[in-house]
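What the coordinates show
Residue-level listing of the chains:
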Amino acid sequence: MTSALVNGRIFTGNEWLDGHAVVIDGKHIHGVLPVAELPEGIEQTDLNGMTLLPGLFDTQVNGGGGVLFNDAPTVDTLRKIGEAHRLFGTTALLPTLISDDLSVVEKAIAAVAQAIDEQVPGIVGVHLEGPFLNPARKGVHNAEKFRTIDEAAFALLTSLKRGKTLVTLAPELTTPEMIHRLVNAGVTVAAGHSAADYEQTKTALAAGLSSFTHLFNAMTPLTSREPGMIGAALEHADSYCGIIVDGYHVHPAALKVALAAKARGKMVLVTDAMPTVGAVNKEFVLNGEVIRSENGRCATATGTLAGSDLDMLSAVRNSVSMLGMELGEAVRMASLYPAAMVGLEKELGLLKPGYKASMILVDENLNLINSWIDGKPLRH
């Protein structure tokens, strides 16, 4: 059934439009056209002057709504996480599994496959953050779970046939050949929780590594004579960098420098969200340790950061207020650029004909009023 969203300010991902309508036909956008050109008699939804944006895409979501993906890698968990984040503008996400046994990885991939088959709103793939990481940069990951990529692990990492797979690994602990094989099999390979130096990172990039997980955190720093992983990431024109703009993970000045250095279109907003997002209870247990969120900062009792209490609309809001970014570019960093990072830029991230009708309606303070996923509204 065809319908039109009217009387809103529209950001297509490329330009701002007034006096236009977005026409939805089933799961997809049929057109974006002047209101005067709408077919007679078409069903209309009044947006009451609010702002319509492309739906936000979070590629790093450990939990939400009081649940952690690792604790129960099931379709029910994915549904709860998706519902929690949808209230904060996320219309597509990669549920993220923190380093765990391969048996848990297998369950997580199976749950994502089933969720995609059942069309659970927002689930478009999986992010496996580990367990192929370096203990020297483990963060809150359990180093006892760490391992190298053997043939059994390779088979598992390439087993999701519908949906996208993003794998974060320490490139110095595998081979360029293995990275190349993963990429050839359709996996997006990211570097993170790594002690790789500049040259090792460059070698991995040449082999097909294409992104960096939470830039600056859990990787070798940029220094004068050893540029480290951060130097390689910022120098490389074609790779993507995920950034957590919560005011805790990275100083705003460091993010401004990175944004100035990196090619436009390659910086991606992520939340690294934990179960506290969208939940009343602001503490949870990870690897047997109690994690608390205070003033939006998730950390262990000793102060080690443990993911975030950040949502995507807040990440966009923070990018404007903390980094001085233009709103449209901040929205692209949360929609089009993450879609491009995993190869979904022809389906998500723009309001244009043929794209999925996944979008959000927000007020002047970027609070969610409504959202659509594959043409279906959250609120009628």
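Scroll up to find the structure.
To start, this report covers the structure provided alongside it. Being a predicted model, the structure only gives us computed values, none of them experimental.

With seven of eight residues buried, helix H6 (residues 228-235) lies mostly within the body of the structure. Buried-residue contacts for H6 involve strand S14 (188-191), helix H5 (198-207), strand S15 (211-212), strand S16 (240-243) and helix H7 (252-261).

A separate point is the sheet that holds strand S2 (residues 9-11). In spatial order, the strands read S3-S2-S7-S21-S22-S23; together these six strands make up an open sheet with mixed pairing. Lying at the two open borders of the sheet, with one neighbouring strand each, are strand S3 (16-17) and strand S23 (376-377). Where S2 meets strand S7 (residues 51-54), two bridges bridge the pair, whose relative direction is parallel. Opposite Arg9, over in S7, you have Thr51 as the bridge partner. The strands touched by helix H1 (residues 75-86) within the sheet are strand S22 (368-373) and S23, with S22 carrying the most contacts at an inclination of about 135°.

What follows concerns the pairing of strand S11 (residues 90-98). A large share of S11 lies buried, amounting to nine of its nine residues. The sheet contact formed by strand S8 (residues 56-61) and S11 spans four bridges and is parallel. In the sheet register, Asp58 faces S11, and the bridge partner there is Leu93. Pairing geometry for S11 and strand S12 (residues 125-129), over three bridges, is parallel.

Attention now goes to empty space enclosed by the protein. Inspection of the entire model under this criterion finds three cavities of 30 Å³ or more. Estimated volume of the largest cavity: approximately 70 Å³. Looking at the lining of the largest cavity residue by residue, the classes come out as six nonpolar, seven polar and no charged.

Counting through the fold element by element, Thr300 comes out in the loop between strand S20 (297-299) and helix H8 (312-323). Take Thr300: its relative accessible area is 9%, and that puts it in the buried class. Sequence spacing of Thr300 and Leu286 is 14 residues, and the spatial spacing of their C-alpha atoms is 9.2 Å. Leave out the neighbours within four places in its chain, and Thr300 touches Val140, Glu289, Val290 and Ile291. Separated by 3.0 Å, the side chains of Thr300 and Thr302 make a polar contact.

Here we come to the sheet that holds strand S19 (residues 289-294). Sheet architecture is open: three strands sit in the order S18-S19-S20, paired in antiparallel fashion. With partners counted over all chains shown, the strands left at the sheet margins are strand S18 (283-286) and S20, one partner each. Pairs of neighbouring strands in the sheet enclose a mean axial angle of 25°, with direction left out of account.

What follows covers the pairing of S14. Here S14 shows two buried faces, one formed by Thr188 and Ala190 and the other by Val189 and Ala191. The pairing of strand S13 (residues 164-169) with S14 spans four bridges and is classified as parallel. From the neighbouring strand, Leu169 faces S14, where its bridge partner is Ala191. One crossover worth recording links S13 to the parallel S14 by way of helix H4 (residues 176-184), and it is right-handed. The pairing of S14 with S15 spans two bridges and is parallel. By the bridge assignment, Ala191 is partnered in S15 with Phe212. In terms of handedness, the path from S14 via H5 over to S15 forms a crossover that is right-handed.

We now examine the layout of surface pockets. Quantified by volume, the largest pocket comes out at close to 570 Å³. Along its surface, the largest pocket is lined by 23 residues, and Ile116, Gln119, Ile123, Lys356 and Asp374 are the ones closest to its centre. Its residues assigned to classes, the lining of the largest pocket shows nine nonpolar, six polar and eight charged. Within this model, the second largest pocket holds a volume of roughly 370 Å³. In terms of lining, the second largest pocket is formed by 18 residues, of which the most central are Ser3, Glu43, Thr45, Trp372 and Pro377. Going through the elements one at a time, strand S1 (2-6), strand S6 (43-46) and S22 are the ones with two or more residues in the lining of the second largest pocket. The residue inventory of the lining of the second largest pocket, partitioned by class, reads eight nonpolar, seven polar and three charged.

Here is what the cut-offs are and how they apply
Residues numbered from 1 in each chain as written. Predicted model: local features only at pLDDT ≥ 70, side-chain atom pairs only at ≥ 80, totals over all residues. Heavy atoms only, no water. Buried < 20%, exposed > 50% of the residue type's maximum accessible area, 1.4 Å probe, protein only. Helix = DSSP H or I, 4+ residues; strand = E, 2+ residues; numbered from the N terminus. Contact = heavy atoms within 4.5 Å. Pairing = 2+ DSSP bridges. Axes fitted to C-alpha atoms, helices over the stretch in contact; angles between N-to-C directions. 1 Å grid on protein atoms, 1.4 Å probe; cavity = no way out; pocket = protein on both sides within 12 Å on 5 of 7 lines; lining within 4 Å. Points joined across faces, edges and corners; volume = space filled by probe spheres on them. Nonpolar A, V, L, I, M, F, W, Y, C, P; charged D, E, K, R; others polar. Polar contact = N/O pair within 3.5 Å; in protein donor to acceptor, adjacent residues only side chain to side chain. Right-handed = clockwise from strand over helix to strand, strands pointing away.

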